[in-house]
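# Fold and contact review
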Amino acid sequence: MNELQKQNMGYLNLNDMANNLAALDELEGLELGFEKIKIPSGGNVMFELPSENDSEMIKEFSGVILHHHPLFSYYKDKFTGGNNPPDCGSMDGLNGIGNPGGNCKSCSNNQYGSGENQAKACKNKRRIYILRENELLPVMLTLPTGSIKEFSKYVRRLLIKGNKTNTIVTKFSLKKATNQSGISFSQAVFQYERSLSDNEIKVITPFIEQVKKHCEKQKLNMRGIDNEI
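Okay, the pairing of strand β8 (residues 122-131) next. In terms of residue burial, β8 counts as a mostly covered element, since eight of its ten residues are buried. Pairing geometry for strand β4 (residues 61-74) and β8, over ten bridges, is antiparallel. Note on β8: the bridge partner recorded for serine 73 is lysine 123. Examined bridge by bridge, β8 and strand β9 (residues 139-143) share five bridges and lie antiparallel to one another. Counted as the bridge partner of arginine 127 is threonine 142 from β9.

Take a look at the structure:
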């Protein structure tokens, strides 16, 4: 089968990639995790994607959202860089692990006005696991606070039309936005590209289950909650 034929098959060619589920299982217990797509700062509209040559800058990309969940992180002292984990974090937006820990909804650090510029001291973000065509392993995209509202709108529009994020292909891009303090930032944009066929959905369903299983294990500790969120 030539490359053009593979592209025309969409996600069906995953059936031809040997030991696909075994490859996902091999990630368990390893520190490498999933590769990350990074959103720049300062209103830049180019994603940084992992590639065979370390990384590449790209304006947009497409993929299936296998799974997504809240991701909270709180630093007692102002974060100034490095690889230090947060003092408290949550991968479900319900229960914080660390100091202070406990119920996220009632936590004083999760209230507007507790942080700088009347924001929350606890940064509320969202992690998305994306499977792109002709790739075996998902990649992670962590949405900053300024992109969550747009993502919520996108999910709501899909649900109104009877679609779920893991049954369609989404196109991701960035736009320059400005917050209430006049600071420019990069905001994610989401666009419906196409629906998956029934056969494609069958192919990616095991990937969805594996990613959910991976996330459930991470909820039990601070693993996966790092300074990049």
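We are not done yet, so read on.
Taking 1.5 Å of rise per residue, the 21 residues of helix α4 (residues 198-218) would be expected to cover 30 Å, and the 30 Å separating its terminal C-alpha atoms lies within 8% of that figure. In the structure, α4 departs most strongly from a straight axis at isoleucine 204, where the bend amounts to approximately 35° and where the proline proline 206 lies between one and four residues downstream. Listed in full, the buried residues belonging to α4 are Glu200, Val203, Ile204, Phe207, Ile208, Gln210, Val211, His214, Cys215 and Gln218.

With an omega of 15°, the peptide bond running from asparagine 99 to proline 100 counts as cis. In this fold, proline 100 is placed in the loop between β6 (95-98) and β7 (102-103). The phi torsion at glutamine 118 lies on the positive side, around 65°, for a residue other than glycine. Relative accessible area serves as the criterion here: at 59%, glutamine 118 is assigned to the exposed category. Here asparagine 134, not a glycine, exhibits a phi torsion of approximately 65°, which is positive. Looking at asparagine 134, the relative accessible area reads 38%, which means it is partly exposed.

The tally for this structure, following the rule as stated, stands at six aromatic pairs. Judged by centre distance (5.0 Å) and plane angle (80°), the ring pair of phenylalanine 47 and phenylalanine 61 falls under edge-to-face. In this pair, phenylalanine 47 is assigned in strand β2 (residues 47-51) and phenylalanine 61 in strand β4, connecting sequence segments 14 residues apart. Comparing phenylalanine 47 with phenylalanine 61, the two get one shared label, buried. Relative to phenylalanine 190, the ring of tyrosine 154 has its centre 5.8 Å away and its plane inclined at 25°; by these criteria the two rings are stacked. Taken as a pair, tyrosine 154 in helix α3 (residues 145-160) and phenylalanine 190 in strand β11 (residues 184-195) lie far apart in primary sequence, 36 residues in all. Looking at phenylalanine 190, the relative accessible area reads 6%, which means it is buried. In this arrangement the basic side chain of lysine 120 is found over the ring face of tyrosine 112, its NZ or CZ atom lying 4.9 Å from the centre.

Let us now look at the environment of valine 189. For valine 189, the position within the fold is in strand β11. For valine 189, a relative accessible area of 28% gives the class partly exposed. Linking valine 189 and phenylalanine 151, residues 38 residues apart in sequence, is a C-alpha distance of 7.7 Å.

Membership of the largest hydrophobic core comes to 20 residues, with the highest contact counts inside it found for Phe47, Leu141, Leu143, Phe172 and Phe190. Counting only elements with at least two residues in this core, the list comes to β2, β4, β8, β9, α3, β10 (168-178) and β11. Sorting elements by how many residues they give to this core places α3 first, with four residues.

What follows concerns the environment of isoleucine 39. Structurally, isoleucine 39 can be placed in the loop between β1 (36-37) and β2. Residue isoleucine 39 is classed as buried on the basis of its relative accessible area of 19%. Distance in space between the C-alpha atoms of isoleucine 39 and glutamine 187 is 8.3 Å, their sequence separation being 148 residues. In this structure, isoleucine 39 is in contact with Phe47, Leu141, Thr142, Leu143, Pro144, Leu174, Ser186 and Ala188, ignoring residues within four places of it in sequence.

Reading the values: rules and limits
Residues numbered from 1 in each chain as written. Predicted model: local features only at pLDDT ≥ 70, side-chain atom pairs only at ≥ 80, totals over all residues. Heavy atoms only, no water. Buried < 20%, exposed > 50% of the residue type's maximum accessible area, 1.4 Å probe, protein only. Helix = DSSP H or I, 4+ residues; strand = E, 2+ residues; numbered from the N terminus. Pairing = 2+ DSSP bridges. Expected span 1.5 Å × (residues − 1). Bend = angle between axes of the 7 residues up to and from the residue. Phe/Tyr/Trp six-rings, centres within 6.5 Å; stacked < 30°, edge-to-face > 60°. Lys NZ or Arg CZ within 6 Å of the ring centre and 35° of its normal. Core = buried A, V, L, I, M, F, W, Y, C linked by side-chain atoms within 4.5 Å. Contact = heavy atoms within 4.5 Å.

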